[in-house]
Every structure is written in structure tokens, then in C-alpha cells.
Amino acid sequence: MRADRMKLSVLTPSYDYAHYLEDALTSVDRQHGASVEHVVIDDGSHDDSVEVLRRWPRELVWRAKPNAGLSATLNDCLADASGDVVGWLNADDYYLPGALERALAIFRAQPRTDVVFGDSVFVDAAGRVTRLLGQHPFQRRLLTRLPSPPLSPVALFIRRSALPARPFDEGMRVLMDWDLYFQLADRGARFHYEPRCFGAFRRHEAQASGEPMGDDHPEWVRLTSRHGMRRGNAGRLDRLAGNAAHAALKLVAGSYRRQLTTNGLRGRDTRWFATQEGADTAASLLGMYR
């Protein structure tokens, strides 16, 4: 595959998010300068999600199936995709302008890079800024020493050749992303941190990621047992040390400075494809990295 013909497939699992889905679709459709395929699978929604997909006027690769859960649906999306690079965009999230063009440009310029990731902006249900989640260059050892997954799927892109056929653990409904990062690191994937805000992660009451995750939660037990993470008091000490290292790396990367700057945008719309305020806010977010 010639680098200039590289294609990116966006994987979108959708379940009962009809009221958010059009934002996700539009944020992909309005990307420029990139060859993009958008793969959407509705996972047995009870709302109007399928009607939103049927009415969508632009090209999509989509289908509906009985409910099987997020991990199984992501695996099915990947199986339906034909791109050289994949992005994971949940149906309630959306990309910022230029995100896909920039991701593909990095993969073209760095043929040995397997994973590109960056920052994401947290927004409320209406798409208004709450905070920036800044990142730093990847370190495998921190995966076992943090209290939550270190990367945001909306700001993550993976070379297809770095992934196994069905990489998402279908026994997980919350921590499958963290498990994926372990898999990639353990397979020798090369991670590239790009200081850029790639997308908006929407926080709202209906999402599974808000579920409490104690030491005895089955998914936490599964993750920690599989990847050598300690639980109990030892695990808590590990997480304290991990948080300190994470903070130091973010400081060096300039992420705290950008997070403080973003505080001045709180409450502003980020839906750049829908409102002038959203376009202005997105421009301000991207402008911090120049």
C-alpha cells in the first residue's frame, strides 16, 4: 500500500444514542484531506438510531444487529473495516476539525509507528467544555500503575497491522480499552504522542464508563490478573506512585499549561460543525498547540 493511498476507518459502535449519533457522523463527514471510511454498527438500539443511519445522506458502511455489547460490536466494526488505520469513535463523541488528516499524515511520515494518540476535550451532554485531558509520551510501565485507562479512544488511532483479528475482550463492557493498550504494548507496538486535541469525549449519565470500579469488580479482577497489576494496599501504593509519575510527565509535556488555558473556555460549545461558537472554540483549542 502506497503511503499516499492510506485509508482510515472510523469504528463507531452505537447503542441507544440516536440523540448524539448525528454529531459523531457529521464530525467524520466534515473531515478534509483524508481518505476515510466510517463503519457504524447499531447494537440492537431501542431508540431511533437505525432511522438516523437510514436517513444519513452521505456514504456509510453500516448495519444493525441484535445486542451483543460494546466489545463484540467493536470487533464486528473492525471486521467490516477496510482501512490501513483505524480510529474508535463512540456514538456520543466527535472529532475536532482536521483530526483524521493529521493522524494519517503522522502514519505516512512514520512508517514504524503503530499507535498515534493525543489529547481530548471533555464536554457535557450539550457539547460544552468542561476540561482538557492532556497526555504525555507513552510509557508501558505506567499501564499497571494508574487508577484508570491512560488514553482516550476519541484521540487514538491504530495501524491495522498492529491489531489481532478481534482485539476487544468480549467479557468486558468498561475496561476493554485498557486491556487493548496492554495488548498493543505487549505486541511491541510503537506509540507516538502528538500534542494536539483530536476529539471531544462527552460525559453524561447514561455511559458505562461512569460505573464504579472497586477492587472486587469482575472486570478489574480480570484486568489486573491478566496484566500483572496488584490489588489491595499494594495496588493503592502503585497507583499513588503512578499518579506522581504521570503528573511529572504531563508537566514536562506542557499538558498542565494547556489544561489551565482550557479552563477559560469552560461552558463554551465545541460542536464546530453546528454553531459558530463551536467553530470558534475548536479553533481556540487547536490554536493552543501552535
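Residues numbered from 1 in each chain as written. Predicted model: local features only at pLDDT ≥ 70, side-chain atom pairs only at ≥ 80, totals over all residues. Heavy atoms only, no water.

Quick look at the overall build of the protein chain now. The secondary structure content of the protein chain amounts to nine helices and nine strands. Over its C-alpha atoms the protein chain spans a radius of gyration of 18 Å, differing by no more than 12% from the 19 Å that the globule rule assigns to 290 residues. Relative to all contacts within the protein chain whose residues are 6 or more apart in sequence, the contacts with residues 24 or more apart total 78%. Total accessible area on the protein chain stands at roughly 12,600 Å², and carbon and sulfur atoms take up 50% of it. For the protein chain, the separation between the mean place of its 39 positive charges and that of its 36 negative charges on side chains is 7 Å. (Helix = DSSP H or I, 4+ residues; strand = E, 2+ residues; numbered from the N terminus. Rg over C-alpha atoms; globule rule 2.2 N^0.38 Å. Contact = heavy atoms within 4.5 Å. Areas by Shrake-Rupley, 256 points an atom, 1.4 Å probe, with all protein chains shown as cover. Lys, Arg positive; Asp, Glu negative; His and termini not counted. Charge placed at Lys NZ, Arg CZ, Asp CG, Glu CD.)

For Asp16, which is not glycine, the phi torsion reads 55° and is therefore positive. Relative to the helices and strands, Asp16 resides in the loop between β1 (7-14) and α1 (18-29). What makes Asp16 partly exposed here is its relative accessible area of 24%. (Buried < 20%, exposed > 50% of the residue type's maximum accessible area, 1.4 Å probe, protein only.)

For the rest of this paragraph, the subject is the environment of Leu184. One can find Leu184 in helix α5 (residues 176-186). Here Leu184 falls in the buried class, since its relative accessible area comes to 1%. Separated by 20 residues in the primary sequence, Leu184 and Pro164 place their C-alpha atoms 9.2 Å from one another. Apart from the residues within four sequence positions on either side, Leu184 is in contact with Val115, Ile158, Ala162, Leu163, Ala189 and Phe191.

Per the counting criterion, the structure on display carries eleven aromatic pairs. On the basis of an interplanar angle of 50° and a centroid distance of 5.6 Å, the ring pair of Trp178 and Trp220 is categorised as tilted. On the criterion of sequence distance, the pair formed by Trp178 in helix α5 and Trp220 in helix α6 (residues 218-227) is long-range, its members being 42 residues apart. Each of the two residues, Trp178 as well as Trp220, counts as buried. Taking the centre distance of 5.5 Å and the plane angle of 75° together, the rings of Trp272 and Phe273 count as edge-to-face. Across this residue pair, the class does not change: Trp272 and Phe273 are buried. Within the aromatic cluster, the residues linked to one another by ring pairs are Phe117, Phe138, Phe191 and Tyr193. Taking the ring centre of Phe198 as reference, the NZ or CZ of Arg196 above it sits at 5.7 Å. (Phe/Tyr/Trp six-rings, centres within 6.5 Å; stacked < 30°, edge-to-face > 60°. Lys NZ or Arg CZ within 6 Å of the ring centre and 35° of its normal.)

Two numbers describe how helix α7 (residues 232-253) lies on helix α8 (residues 255-262): the axes approach to 5 Å, and their chain directions differ by 75°. Of the possible angle classes, the one that applies to α7 and α8 is roughly perpendicular. When α7 is examined against α8, the residues Ala247, Lys250, Leu251 and Ala253 are found in contact with a partner set consisting of Ser255, Tyr256, Arg258 and Gln259. Residue composition of the contact of α7 with α8, grouped by class: four nonpolar, two polar and two charged. (Axes fitted to C-alpha atoms, helices over the stretch in contact; angles between N-to-C directions. Parallel < 35°, antiparallel > 145°, perpendicular 65-115°, else oblique. Nonpolar A, V, L, I, M, F, W, Y, C, P; charged D, E, K, R; others polar.)

Purely geometric numbers; function is a separate question.
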